[in-house]
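Secondary and tertiary structure notes
Residue strings, one per chain:
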Amino acid sequence: EAGVTQFPSHSVIEKGQTVTLRCDPISGHDNLYWYRRVMGKEIKFLLHFVKESKQDESGMPNNRFLAERTGGTYSTLKVQPAELEDSGVYFCASSLIGGEETQYFGPGTRLLVL
Amino acid sequence: QKEVEQNSGPLSVPEGAIASLNCTYSDRGSQSFFWYRQYSGKSPELIMFIYSNGDKEDGRFTAQLNKASQYVSLLIRDSQPSDSATYLCAVTGRNNFNKFYFGSGTKLNVKP
């Protein structure tokens, strides 16, 4: 069974540009999460989808970040316009509904904003 | 105050020894506790989860939970060089089992 996949693995952009990150969860996982780790800090929660609905977006830093999950399958996280402080590793995770809460993580997208 | 605290390390142990990794958390109402292992540049990989006070063993790994002290630990017996990685402690909130709070991780080095 394929794990959580993320694309791209790395992205280098200039301040003010737009970047879109993609996450494909494990097949059958209705819960999808986005997390972020900035340099030297812990991994922090951004938001949680249940199918196509945003269940909790309390961790989204500001309105430059937009997450979508149309159709309840893959998700995208768009940063527009990117700022220097957005640099970090963006992780996606997924889990089943109704089972244990274990979240399975993807390899992350390393974003560098110059 | 951080929700989850871990010593960043590095923690160095010789091959075959027991490695002890510790984690404290601030929310007394937290219900679920997870240990992830992360190799450099790779996905965090689940090692164990624990919900109840006491010990839970899985192969060479033992998770220990003490809710009264707000403390969770991971013991690795017969440590191997392949265990060298960063170990992340994750805790769920009291009212939201889907929101994980992570510690900054402890780097473990197992020396041959």
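This text goes with the structure placed above it.
These remarks concern the structure in this document. Because the structure is predicted, anything quoted here is derived from the model rather than measured. (Residues numbered from 1 in each chain as written. Chains lettered and ligands numbered in written order. Predicted model: local features only at pLDDT ≥ 70, side-chain atom pairs only at ≥ 80, totals over all residues. Heavy atoms only, no water.)

1. Concerning the overall build of chain A
For chain A, the count of helices and strands is zero helices and 11 strands. Each helix (α) and strand (β) of chain A, taken in turn from the N terminus, gives the series β-β-β-β-β-β-β-β-β-β-β. The C-alpha atoms of chain A give 13 Å as radius of gyration, which agrees with the globular expectation for 114 residues (13 Å, within 12%). For chain A, the C-alpha atoms occupy an extent of roughly 40 × 25 × 25 Å along the three principal directions. Entry remark: accessible area of chain A is about 5,600 Å², with carbon and sulfur atoms responsible for 51%. The distance from the centre of the 12 positive side-chain charges to the centre of the 14 negative ones in chain A is 5 Å. (Helix = DSSP H or I, 4+ residues; strand = E, 2+ residues; numbered from the N terminus. Rg over C-alpha atoms; globule rule 2.2 N^0.38 Å. Areas by Shrake-Rupley, 256 points an atom, 1.4 Å probe, with all protein chains shown as cover. Lys, Arg positive; Asp, Glu negative; His and termini not counted. Charge placed at Lys NZ, Arg CZ, Asp CG, Glu CD.)

2. What to know about the nonpolar core
In terms of nonpolar packing, the biggest core is built from 23 residues, with Trp35, Val72, Leu74, Ile76 and Tyr87 of chain B touching the most fellow members. Going through the elements one at a time, β3 (19-25), β4 (33-38), β5 (45-50), β7 (61-66), β8 (71-76), β9 (85-92) and β11 (106-111) of chain B are the ones with two or more residues in this core. Ranked by size, the runner-up nonpolar core spans 21 residues in total, among them Leu21, Ile26, Leu32 and Ala82 of chain A. (Core = buried A, V, L, I, M, F, W, Y, C linked by side-chain atoms within 4.5 Å. Buried < 20%, exposed > 50% of the residue type's maximum accessible area, 1.4 Å probe, protein only.)

3. Looking at the side chain of glutamine 38 of chain B
Checked against the element boundaries, glutamine 38 of chain B lands in strand β4. A distance of 3.0 Å separates the side chain of glutamine 38 of chain B from the backbone oxygen of lysine 42 of chain B, its partner in a polar contact. Setting aside anything within four residues of it in sequence, one finds glutamine 38 of chain B in contact with Arg37 and Phe91 of chain A together with Ser43, Pro44, Ala85, Thr86 and Leu88 of chain B. (Polar contact = N/O pair within 3.5 Å; in protein donor to acceptor, adjacent residues only side chain to side chain. Contact = heavy atoms within 4.5 Å.)

4. Some remarks on the sheet that holds β8 of chain B
Within a beta sheet, neighbouring strands are joined by backbone hydrogen bonds and run either parallel or antiparallel to one another. The antiparallel open sheet is built from five strands, whose spatial order is β1-β3-β8-β7-β6 (chain B). Every interior strand has two partners, whereas the edge strands, β1 (4-5) and β6 (54-58) of chain B, have only one. (Pairing = 2+ DSSP bridges.)

5. Details of the packing of aromatic side chains
If you walk through the whole model with that rule in mind, you get 14 aromatic pairs over all chains. Each ring, one from tyrosine 25 of chain B and one from phenylalanine 33 of chain B, has its centre 4.8 Å from the other, and the planes form 45 degrees; the classification is tilted. Since its relative accessible area comes to 1%, phenylalanine 33 of chain B is described here as buried. By way of ring pairs, the aromatic residues Tyr33, Tyr35, Phe45, Phe91 and Phe105 of chain A together with Phe34, Tyr36, Phe49, Tyr51, Phe100 and Phe102 of chain B are connected into one cluster. For arginine 22 of chain A, the ring lying beneath its charged end belongs to tyrosine 74 of chain A, and the centroid distance is 3.7 Å. (Phe/Tyr/Trp six-rings, centres within 6.5 Å; stacked < 30°, edge-to-face > 60°. Lys NZ or Arg CZ within 6 Å of the ring centre and 35° of its normal.)

6. A short note on the state of the cysteines
The term disulfide refers to a covalent linkage connecting the sulfur atoms of a pair of cysteines. Inspection of every chain in the model, using the stated rule, returns two disulfides over all chains. Across a sulfur-sulfur distance of 1.8 Å, cysteine 23 of chain A and cysteine 92 of chain A are joined as a disulfide pair. What sets the handedness of the cysteine 23 of chain A and cysteine 92 of chain A disulfide is the S-S torsion sign, and at about -65 degrees it is left-handed. One end of the pair, cysteine 23 of chain A, is in strand β3 (residues 19-24); the other, cysteine 92 of chain A, is in strand β9 (residues 88-95), and 69 residues separate them in sequence. Summarising the burial analysis for this pair, cysteine 23 of chain A and cysteine 92 of chain A share the class buried. Each disulfide pairs two cysteine sulfurs, and for cysteine 23 of chain B the partner residue is cysteine 89 of chain B, the sulfurs being separated by 2.0 Å. Its S-S torsion of approximately -70 degrees makes the covalent link between cysteine 23 of chain B and cysteine 89 of chain B left-handed. Note that cysteine 23 of chain B is positioned in strand β3 and cysteine 89 of chain B in strand β9, a separation of 66 residues in sequence. A residue is classified by how much of its surface remains accessible, and cysteine 23 of chain B, at 1% relative accessible area, is buried. (Disulfide = S-S within 2.5 Å.)

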